[in-house]
Amino acid sequence: MALFDQISRDIIAAMKAKDKVRLEALRNIKKYFLEAKTAPGANDELTDEAALKILAKLSKQGRDSAQLYREQNRPDLAEQEEGQAAVIEEYLPKALTPEELEAEVRRIIAEVGATSPKDMGRVMGVATKALAGRADGKAISTLVRTLLS
């Protein structure tokens, strides 16, 4: 079942359960999905790969916002953002541990045949696609740079 359809079904379930945090998060996800589907050149389709990128971005934004709210001494808003981020993360694949991430990046480096920092662009191109939704781009970049040095 496509993520778009799953989100639509879960919105109905959240409405019936009167779960406001979940409902708000799901409606926000669906809004971004609809925007992506109706974007020029999308042909009214949203692949699961594109949906996962959107979910990863929304999750990161929610966590970053929660951190900012905590720094500004607004725990009420921080908890709301964290609650929505938790709902979003339910739809993402399980995140890789640092050890798993390193093993995946080493495999990609070997696959691409990279030997020096000059090859970072090629490695990052493959790694960001292969690890989409399972690892943060910044963590991938830092690890690739370290391993190629």
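Here goes a summary of the coordinates provided. (Residues numbered from 1 in each chain as written. Predicted model: local features only at pLDDT ≥ 70, side-chain atom pairs only at ≥ 80, totals over all residues. Heavy atoms only, no water.)

Considerations on unusual backbone geometry
How we decide: Numbering of helices and strands runs from the N terminus; a helix is a DSSP stretch of H or I covering at least four residues, while a strand is a stretch of E covering at least two. Each residue gets one of three labels from its accessible area relative to the maximum for its type: buried under 20%, exposed over 50%, partly exposed in between, using a 1.4 Å probe on protein chains only.
Positive phi is not limited to glycine here, since Lys18 has a value of about 55 degrees. Structurally, the position occupied by Lys18 is in the loop between α1 (3-17) and α2 (20-37). The exposed category is assigned to Lys18, whose relative accessible area is 70%.

Side note on the packing of helix α5 (residues 98-112) against helix α6 (residues 120-130)
The description of two packed helices rests on the angle between their axes and on the distance between the axes. Condition: Axes, fitted as lines to C-alpha atoms, cover a helix only where it is in contact. Angles between the N-to-C directions of the axes lie from 0 to 180 degrees. With respect to orientation, any angle under 35 degrees is reported as roughly parallel, any angle over 145 as roughly antiparallel, any angle of 65 to 115 as roughly perpendicular, and every other angle as oblique. Here a crossing is called left-handed whenever its near helix is offset anticlockwise from the far helix by less than a right angle, and right-handed whenever the offset is clockwise. By definition, residues are in contact when any of their heavy atoms lie within 4.5 Å.
Look at α5 against α6: their axes get within 10 Å of each other, and the N-to-C directions meet at 130 degrees. Taken together, the axes of α5 and α6 are oblique relative to one another. For α5 against α6, the interelement crossing comes out right-handed. Only Arg122, Val123, Val126, Ala127 and Ala130 of α6 make contact with α5, whose side of the interface consists of Ile108, Ile109, Glu111 and Val112.

Brief notes about the environment of Asp44
If you trace the backbone, Asp44 turns up in the loop between α2 and α3 (48-71). Placed ten residues apart in sequence, Asp44 and Leu34 show a C-alpha to C-alpha distance of 8.7 Å.

Let's talk about the nonpolar core
Soluble globular proteins tend to bury their nonpolar side chains together. Put simply, the test is: Here, the term nonpolar core denotes a set of buried Ala, Val, Leu, Ile, Met, Phe, Trp, Tyr and Cys residues that are joined through side-chain atoms within 4.5 Å.
In this structure, Ile7, Leu26, Ile29, Phe33, Leu55 and Tyr91 are the most contacted members of the largest nonpolar core, which totals 19 residues. Not counting chain neighbours up to four residues away, the residues in contact with Ile7 comprise Leu26, Ile29, Lys30, Phe33 and Tyr91. One finds Ile108, Met120, Val123 and Val144 within the second-largest nonpolar core, a separate group that totals 15 residues.

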